[in-house]
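Below are the chains, spelled out letter by letter.
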Amino acid sequence: QVQLVESGGGLVQAGGSLRLSCAASGSIFSINAMGWYRQAPGKQRELVARITSGGRITYADSVKGRSTISRDNAKNMVYLQMNSLKPEDTAVYYCAALGVLVPRTLGPTDYWGQGTQVTVSS
């Protein structure tokens, strides 16, 4: 199976920075894109940033200019550098591998990590 493990979350002060990391492992043939999503209590999960295997990047308006997503396709890893953090950034951040092809399966599937908590204090 495919597993994703996030790391790098924690408690930071407003204005601080952190870098989230995610590694996808398993019998992976290819991954179309990897991304970061977040979910605050009582709110729906929302896209933070996404990057395709070809390097096309999408950012949420709320983090654009403060965040940078990058990836290492060879290692099936994705990173999210977040600067100038705000209390509104507090959420559980989830890594996603999108459009994953696994050998001997019928089609692409999305996989999600368990999430890492980011708390930004005011």
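The present account deals with the structure reproduced in this document. (Residues numbered from 1 in each chain as written. Predicted model: local features only at pLDDT ≥ 70, side-chain atom pairs only at ≥ 80, totals over all residues. Heavy atoms only, no water.)

1. A word on the sheet that holds strand β8 (residues 77–82)
Then, number 1: Pairing is antiparallel across the open sheet formed by four strands, whose spatial order is β1-β3-β8-β7. Strands at the two margins of the open sheet, each flanked by one partner only, are β1 (3–7) and β7 (67–72). Pairs of neighbouring strands in the sheet enclose a mean axial angle of 15°, with direction left out of account. (Pairing = 2+ DSSP bridges. Helix = DSSP H or I, 4+ residues; strand = E, 2+ residues; numbered from the N terminus. Axes fitted to C-alpha atoms, helices over the stretch in contact; angles between N-to-C directions.)

2. So, the environment of G35
Then, number 1: You can see G35 is positioned in strand β4 (residues 30–39).
Then, number 2: Judged by its relative accessible area of 0%, G35 falls in the buried class.
Then, number 3: Apart from residues lying up to four places away in sequence, G35 is in contact with A49, R50, I69, Y94, C95 and A96. (Buried < 20%, exposed > 50% of the residue type's maximum accessible area, 1.4 Å probe, protein only. Contact = heavy atoms within 4.5 Å.)

3. A few points about the pairing of β7
Then, number 1: Examined bridge by bridge, β7 and β8 share six bridges and lie antiparallel to one another. Residue T68 lies in a different strand from β8, and its bridge partner there is Q81.
Then, number 2: Taken together, β7 and the strand that follows it, β8, pair antiparallel across an intervening segment of four residues, in which N76 is found at a positive phi of about 55°.

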